[in-house]
Amino acid sequence: MTWQELGSERVAQLKAFQSGSPMPFRLKLKGYHRIQVDAYLRKIAELVDAGSPAEIERPAFDVVMRGYDRRQVDAFIAPLFQAPEA
């Protein structure tokens, strides 16, 4: 994973998140556990800051009541797990 794979808009959202802004995910009756998602995105933000193209694993978030919209979270992190174009 490299931070370029995320795109400048996602990188800007992660930097804003690090500064205390909430992520733009809707809350759903059943969604991903917010604390788990937030912790994962903090880890990604740290890697972006470090400029480190470290390998990361696909997360397995718990589904809970009043969690983040699963589709939005999956779409946000999808570029990290796409095969690079040749």
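In what follows, the structure referred to is the one given above.
Residues numbered from 1 in each chain as written. Predicted model: local features only at pLDDT ≥ 70, side-chain atom pairs only at ≥ 80, totals over all residues. Heavy atoms only, no water.

A.B. asks: How would you sum up the pattern of salt bridges? Please name residues and give values.
C.D. replies: According to the stated counting rule, one finds one salt bridge in the structure shown. We note a salt bridge from arginine 26 to aspartate 69, for which the minimum N-O separation is 2.9 Å. Taken together, the positions of arginine 26 in the loop between α1 (8-18) and β1 (27-32) and aspartate 69 in the loop between β2 (63-68) and α3 (70-77) put the pair 43 residues apart, joining distant regions of the chain. Among the residues examined, arginine 26 registers a relative accessible area of 49% and is labelled partly exposed. (Salt bridge = Lys/Arg side-chain N within 4 Å of Asp/Glu carboxyl O. Helix = DSSP H or I, 4+ residues; strand = E, 2+ residues; numbered from the N terminus. Buried < 20%, exposed > 50% of the residue type's maximum accessible area, 1.4 Å probe, protein only.)

A.B. asks: Explain the packing of α1 against helix α2 (residues 34-50) to me, and be specific about the residues and the numbers.
C.D. replies: Closest axis-to-axis distance for the α1/α2 pair is 9 Å, and the angle between their directions is 110°. Judged by the inter-axis angle, α1 sits roughly perpendicular to α2. For the pair α1 and α2, the crossing hand works out as left-handed. Packed against α1, whose contacting residues are Val11, Leu14, Lys15, Phe17 and Gln18, the element α2 presents Asp38, Leu41, Arg42, Ile44, Ala45, Glu46, Val48 and Asp49 at the interface. Of the residues contributing to the contact of α1 with α2, the split by class is seven nonpolar, one polar and five charged. (Axes fitted to C-alpha atoms, helices over the stretch in contact; angles between N-to-C directions. Parallel < 35°, antiparallel > 145°, perpendicular 65-115°, else oblique. Left-handed = near helix turned anticlockwise from the far one by under 90°. Contact = heavy atoms within 4.5 Å. Nonpolar A, V, L, I, M, F, W, Y, C, P; charged D, E, K, R; others polar.)

A.B. asks: Give me the environment of glutamine 13: which residues, what numbers.
C.D. replies: Along the polypeptide, glutamine 13 turns up in helix α1. Residue class for glutamine 13 comes out partly exposed when judged on its relative accessible area of 24%. Considering only alpha carbons, one finds glutamine 13 and methionine 23, ten residues apart in sequence, at a separation of 7.1 Å. With residues up to four places along the chain from it excluded, the contact list for glutamine 13 reads Met23, Pro24 and Phe76.

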